[in-house]
Amino acid sequence: MIGHSISKCPSRPKRHILQQLCLATRSVKEGCSKPPTVGLPTTSSLSSKFGSLASDHVRQSSSVLPTQAQVVICGSGVVANSVAYHLVQHGWTDVLVIDQGSICGGTSNFGSGTLGLFKPIDERHIISNSIKLYRQLQEMGHDIGLKQVGSVNLAQTKDRIIMLKRRIAYNLPTGLHCEIIGPNELQKLHPHICTDNILGGVWVPEDAVVDTLSVCRVLAKLAKQGGASYVENCIVEKISTENNCIKSVTTNRGDVDCEYFVNCAGMWARELGLKSEPKVRIPVYPAEHYYAKTTPISGIPDNLPYIRDFDSHIYMREYNGGFLVGGFEPQAKPAFLGHKGVPGDWKKQLPADWDHFKPLWQNAIQRLPILKDVPEPSLMNYPDTFTPNGKWILGETPEVDNYFVAVGMNGNSLQGAGGIGKALAEWIVEGEPTQELLKFDVQRFLDLHNNRNYLQQRIQEVVGRHYSIMYPSQSEFQLARKLRCSPLYSVLEKRGAVFGMRMGYERPLYFDSSYQPGQPLPTMPPGTFFKPKFFDYLLEEYYACREGVGVIDMSSFSKIKIKSGYIPGSHIQAQTPRNVVDWLQRLCSNDVNIPVGGIVHTGMQNERGGYENDCILVREAENSFFMVSPTSQQTRVFEWLRRHLPTDHSVSLNDVTSMYTVINVVGPKARQLLSELSNVDIDLQPFTYKKVNVGYASDVMMMSFTHTGEPGFCLYIPSEYALHVYQQLAAVGVDYGLRDVGTITQRWMRIEKFIPLWGEDLNSFTTPFECGSGYRVKLDNDYFMGKFALQKQKEQGVKKRLVLFQLEGIDPDKDVWAWGSEPIYRDSEFVGIVTSAGFGFTLGKLVCMGYIRRPGQSRRHERLDGHHNDQIVTNQFIMSTSARYEIDIAGQRVLAKPQIYAPKATSINPSSAGLETPYVPKVVISHSNNP
């Protein structure tokens, strides 16, 4: 339980402003360093002033450790140097970079040097900034070996072709030139490719190669030129904090007081995180990562495009007149298994394992037959850090304020380094992210993800997934599973549940109703981009929710109790209940001053008006609320609340996620079923709750809402009663048509009801007015965070709007489905991207949601506070009868019908299920395994 105040680091909300105010009133001894120099020269002027890399004017690394610095960066690899470089570009010259060895002496010595833009859009934006920076360095005269050679991305299977076409579809209209080509064109671009088993590929001319070590050294030089200091052979021993804020760094060479600490320690980052108090979780772990280099081969030009042969798990590029071959093998080897951490002589602990690499080398010979006759290449085994889900880890940690991380580069540090350094430096300077980085946020993890044994298992699988086909909703991890399980896990497994995982929590995706006890447990069938092979089970689940009763285990949702109580040291109670109410009113955009027993759906916005939380608040008592948020928000939303706690300790937070099992009882017969089990009339108005007995269990919180849009109730059950309550529901529910329902069905029902979800359709750069939830914003309330931005947006209009689309002219039984990230066209002009998609059971059509803008605006990265009349998206613009909307699904444009409200056909009245008269259940003698 937490009841302390937020640490008042001198960095909120606009760090660069508050720091200068702080510096005017505090001495360096009290923790403030010198103010940043405003108007530092740009990259080009730095080059002009200080000369090239070899300039004699460049300061060398210092052997003297300063006693204070505004920012301390640990690590001097390419990512760390990029952060330092971008900070000095912003005028922050009091930057200290420390490394336990020499500058660029870690794994930045290694790497393929490939720069690939053919990625999901959020990653591509970062990589694009990297390439832009490296081009600037090359233009300044630094020899970093940058060559725009392009890349060819090969496909051996029909599914791979579909995957590539899906990626082309959303990359093309957002600014990347990429095109599908056939085997003959591939051979023209790269004459040495054998295309015998190739169906086609994608040509990306903007992809490039560069020398990793040269970039690392140039960025370090430029950071020094801008004012940053470097100290080598300096080992961090401890990171000290005060009021949960960075205070100082203790090293083997002395202490350094600082305001910010940036962990860019690569494969040492996790161990470094454990050296602070409180400990900081940074779930990265090194895998053995291999590549082979051949000797020069006669006739190999230096401008050959590099190759990604996804289905063979390999990449190949020209290197010094020969070839460099590497891979992302399906079963990787975690590094340093026999050690407690990264050994001091780590370079000697990584033998070249030819038996492990040989299958990849054989694949390379098949693709490039010219390799068959070359002498045995030199094999490099270097460790690279990977993360539990294969995404970078960036941002400010939840445990310690002003502690930032940029780690987990997943096999190619150079590719993201330039853009990551830019994004993190802007975050530090501005006090908030300047671009959407949700998928990379360090706050997406829990303690379980930082477990060493867990990481060693998961990393084996993560490496290969970089080249695997990720079928939406059908590509679950196989290793490091069954960590967080609800009390119902075992019984649901025996009833045919096929599980997926979210935030480490096992959740039923769907139920195989054909499963019988004694048979092997059902598993996910092979993935597809077409209609899922388990679709009929989902349809059964839907009909149960629509006509009878569906039961969904939703225990993974984040649950936090928020309460005001006694002020420490005082004999009188805090101004209860006004303390907790007033505090929540300042954080929430809806009115949360509801009666006890009431429930309110509200957003918590940032000052831009974007969503930091989308939640349900239940008022349990005058001074107590129960908050429910999406599963993926557990760490992030708790941290958001903690950082805004009042300074008088009058409000406390308690994460109770594991204390309650949540059963969603959905459908027109849910009320009758629960009335029978609780022996009381379930007479609850929508968005209210009361505590009831269910079977023999007491204190079950029954809430009158569901997460599907269908009628029903959510039961928040003390976990010790969960199995009993479920068994009672299953037994008595036979006569009500009860069926177990998985989260895929629940998700698709939500989409059809036009209910956006935080993390998919909502993020910190989308507002309630943009997603159609403006009716939940109470602008007549006193000040709340984001009020002014939302008030302005309401007056001026929105520049993007969430729209629901029904797809017409597509055969769900034969055609490729929309799964998310498809581009949206209006009158043949690109206007947006699909955020979520599914099958609308009631409509009998594929449905999807996505934000649309005015044509020509979708490629721009805009702050929410900008305003131009010609960018405003109105209902008339969206619903114009003359407008023709299309969704591009893997290269095929499909007609789409827009809607700004949930279709009426998807709504249901409980009385329509024939329940006007009381229902008398039969006596239960026996029931099937999964009714």
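Residues numbered from 1 in each chain as written. Predicted model: local features only at pLDDT ≥ 70, side-chain atom pairs only at ≥ 80, totals over all residues. Heavy atoms only, no water.

Overview of the overall build of the protein
Applied cut-off: Strands are runs of DSSP state E lasting at least 2 residues, helices are runs of H or I lasting at least 4, and numbering of each runs from the N terminus. Each residue's exposure class comes from its accessible area (1.4 Å probe, protein chains only) as a fraction of the maximum for that residue type: buried when under 20%, exposed when over 50%, partly exposed otherwise. Contact between two residues is taken to exist if any of their heavy atoms lie within 4.5 Å; hydrogens are not considered. Working definition of accessibility: Shrake-Rupley area with a 1.4 Å probe, residue cover restricted to the visible protein chains.
When helices and strands are counted, the protein shows 20 helices and 38 strands. For the protein, buried positions account for 61% of its 931 residues. For the protein, the share of sequence-separated contacts (at least 6 apart) that also reach a separation of at least 24 residues comes to 73%. Accessible surface, the protein as shown: approximately 35,300 Å² in total, 50% of it carbon and sulfur.

Remarks on helix H9 (residues 354–367)
Selection rule: For a helix, the expected span equals 1.5 Å multiplied by the number of residues minus one. A residue's bend is given by the angle between axes fitted to the 7 residues ending at it and the 7 residues starting at it. N or O atoms within 3.5 Å of each other form a polar contact, as long as, within protein, one can give a hydrogen and the other can take it, and as long as residues adjacent in sequence are counted only when both atoms are side-chain atoms.
Across its 14 residues, H9 extends 19 Å between first and last C-alpha, which sits within 8% of the 20 Å expected from 1.5 Å per residue. The sharpest bend along H9 reaches about 25 degrees and sits at Leu360. The set of residues buried in H9 consists of His356, Phe357, Leu360, Trp361, Ala364, Ile365 and Arg367. Where H9 begins, the side chain of Asp353 points an oxygen toward the backbone nitrogen of Asp355, at a separation of 3.2 Å.

So, the confidence of the model for the protein
Operational definition: Per residue, pLDDT measures the predictor's confidence, with a range of 0 to 100.
Of all residues in the protein, 88% attain a pLDDT of 70 or more, and the chain-wide mean is 89. Contacts for the low-pLDDT stretch residues 1–8, under 50 throughout, to residues beyond four places or in other chains number 27 contacts.

Considering the nonpolar core
Rules: Joining through side-chain atoms within 4.5 Å is the link that ties buried Ala, Val, Leu, Ile, Met, Phe, Trp, Tyr and Cys residues into a set, and such a set is a nonpolar core.
Formed by 187 residues in total, the largest nonpolar core has its most connected members in Ile73, Leu87, Tyr134, Tyr403, Met703, Leu807 and Ile852. Each residue touching Ile852, except ones within four places of it in the same chain, is listed here: Lys799, Lys800, Arg801, Val803, Phe805, Ile824, Val831, Val873, Phe877, Ile878 and Tyr885. The next biggest cluster of nonpolar side chains, apart from the first, holds 32 residues, and it includes Phe499, Ala670, Ile682 and Ala697.

Considering the pairing of strand E35 (residues 829–840)
The condition is simple: The pairing criterion for strands is at least two bridges between them, as found by DSSP.
Along E35, 9 of the 12 residues are buried, which leaves the element largely enclosed by surrounding structure. Here strand E34 (residues 823–826) pairs with E35 via 4 bridges, running antiparallel. For Tyr825, the partnering residue across the bridge sits in E35 and is Phe830. The antiparallel hairpin formed by E34 and E35 contains 2 residues in its connecting segment, where Asp827 sits at a positive phi of about 50 degrees. One ladder, built from 8 bridges, connects E35 with strand E36 (residues 845–852); its direction is antiparallel. The residue of E36 that forms the bridge with Ile833 is Tyr851. The antiparallel pairing of E35 with E36 creates a hairpin that spans 4 residues between the two strands, and Gly844 there sits at a positive phi of about 70 degrees.

Some thoughts on the sheet that holds strand E32 (residues 738–741)
The line we're drawing: Note on definitions: angles span 0 to 180 degrees between N-to-C directions of axes, and those axes are lines fitted to C-alpha atoms, for helices only across the stretch in contact.
Spatially, 6 strands are ordered E29-E30-E31-E28-E22-E32 in an open sheet, and the strand pairing comes out mixed. Strand pairing shows two members of the sheet lacking a second neighbour, strand E29 (689–694) and E32, which therefore form its edges. Taken pair by pair, the neighbouring strands of this sheet meet at an average axis angle of 30 degrees, ignoring direction. With 4 bridges joining them, strand E22 (residues 549–553) and E32 adopt parallel strand pairing. When the sheet's bridge partners are listed, Ile552 is paired in E32 with Val741.

Here we look at the state of the cysteines
Put plainly, a disulfide is one covalent bond tying together the sulfur atoms of two cysteines. Definition in use: For this text, the term disulfide refers to a pair of cysteine sulfurs within 2.5 Å.
Summed over the entire model, instances satisfying the criterion amount to 1 disulfide. Residue Cys104 pairs covalently with Cys216 via a disulfide, S to S 2.3 Å. Negative torsions about the S-S bond denote left-handed disulfides, and the value of about -100 degrees found for Cys104 with Cys216 makes this one left-handed. Placement of Cys104 in the loop between strand E2 (95–98) and strand E3 (114–115) and of Cys216 in helix H7 (residues 212–225) is noted, with a sequence separation of 112 residues between them. With relative accessibility at 0%, the residue Cys216 sits in the buried group.

As for the sheet that holds strand E26 (residues 624–629)
Read from one edge of the open sheet, 5 strands run E24-E25-E26-E23-E27, paired in antiparallel fashion. Only two strands of the sheet have a single partner each, and these edge strands are strand E24 (599–605) and strand E27 (651–655). On average, each strand axis in the sheet is tilted by 30 degrees relative to the strand beside it, whichever way the strands run. Each of strand E23 (558–564), E24, strand E25 (611–621), E26 and E27 is contacted by helix H14 (residues 578–587), which is oriented at about 130 degrees to E23, the strand it contacts most.

Focus on the packing of helix H4 (residues 121–139) against helix H10 (residues 413–430)
Put simply, the test is: Any angle that is under 35 degrees is reported as roughly parallel, and any over 145 degrees as roughly antiparallel; angles of 65 to 115 degrees are reported as roughly perpendicular and all others as oblique.
With their axes 7 Å apart at the nearest point, H4 and H10 run at an angle of 95 degrees to one another. What the angle tells us is that H4 and H10 run roughly perpendicular. Contact with H4, carried on its side by Ile126, Ile127, Asn129, Ser130, Leu133 and Tyr134, involves Leu414, Gln415, Gly416, Ala417, Gly418, Gly419, Ile420, Lys422 and Ala423 of H10 and no other residues of that element.

Here's the deal with the packing of helix H3 (residues 78–89) against H7
Stated formally: Left-handed describes a crossing whose near helix is turned anticlockwise from the far helix by less than a right angle; the clockwise case is right-handed. Here the nonpolar group is Ala, Val, Leu, Ile, Met, Phe, Trp, Tyr, Cys and Pro; Asp, Glu, Lys and Arg are the charged ones; every other residue, Gly included, is treated as polar.
Interaxial distance between H3 and H7 falls to 8 Å at its minimum, and their mutual angle equals 30 degrees. Taken together, the axes of H3 and H7 are roughly parallel relative to one another. Once H3 is placed against H7, the crossing between them reads as left-handed. The segment H3 lies against H7, with Val78, Asn81, Ser82, Ala84, Tyr85 and Val88 engaging Val215, Cys216, Leu219, Ala220, Leu222 and Ala223. For the contact of H3 with H7, the class distribution of residues is 10 nonpolar, 2 polar and no charged.

Points about the pairing of E25
A regular strand carries its side chains on alternate faces of the sheet. Among the 11 residues in E25, 10 count as buried, and that is most of the element. Of the pairings in the sheet, the one linking E24 to E25 comprises 7 bridges and is antiparallel in character. Bridging from a neighbouring strand, Val600 pairs with Leu617 of E25. In sequence, E24 turns back onto E25 through a hairpin of 5 residues, with Gly609 there showing a positive phi of about 95 degrees. Summarising the sheet, E25 and E26 pair through 5 bridges and their orientation is antiparallel. What sits directly across from Ala621, in E26, is Ser624. Where E25 folds back on E26, the antiparallel hairpin that results is connected by 2 residues.

Examining the pattern of salt bridges
Quick note on the threshold: By definition, a salt bridge exists where a carboxyl oxygen of Asp or Glu is found within 4 Å of a side-chain nitrogen of Lys or Arg.
Going through the model one piece at a time under the given rule, you end up with 37 salt bridges. With a closest N to O distance of 3.6 Å, Asp207 and Arg308 form a salt bridge. Placement of the pair is Asp207 in the loop between strand E6 (200–204) and strand E7 (208–209) and Arg308 in strand E13 (residues 306–309), with a sequence separation of 101 residues. The pair Asp207 / Arg308 is uniform in exposure class, with both members buried.

Section: the packing of aromatic side chains
Cut-off, in case you're wondering: Stacked, tilted and edge-to-face pairs are distinguished by plane angle, under 30 degrees for stacked and over 60 for edge-to-face with tilted covering the rest, among Phe, Tyr and Trp rings (Trp via its six-membered ring) whose centres lie within 6.5 Å. Two thresholds decide whether a charge sits over a ring: the Lys NZ or Arg CZ must be within 6 Å of the ring centre and within 35 degrees of the ring normal.
All chains considered together, the criterion is met by 33 aromatic pairs. Taken together, a centroid distance of 5.4 Å and an interplanar angle of 85 degrees make the contact between Phe626 and Tyr660 edge-to-face. Remark: Tyr660 occurs in strand E28 (residues 660–666) and Phe626 occurs in strand E26; sequence separation between them is 34 residues. Here the two residues Phe626 and Tyr660 agree in accessibility, since each one is buried. Through pairs of rings, three or more aromatic residues link up here, namely Phe535, Tyr542, Tyr543, Trp748, Trp817, Trp819, Phe839 and Phe841. Over the face of the ring belonging to Phe877 we find Arg826, whose NZ or CZ atom lies 3.8 Å from the ring centre.

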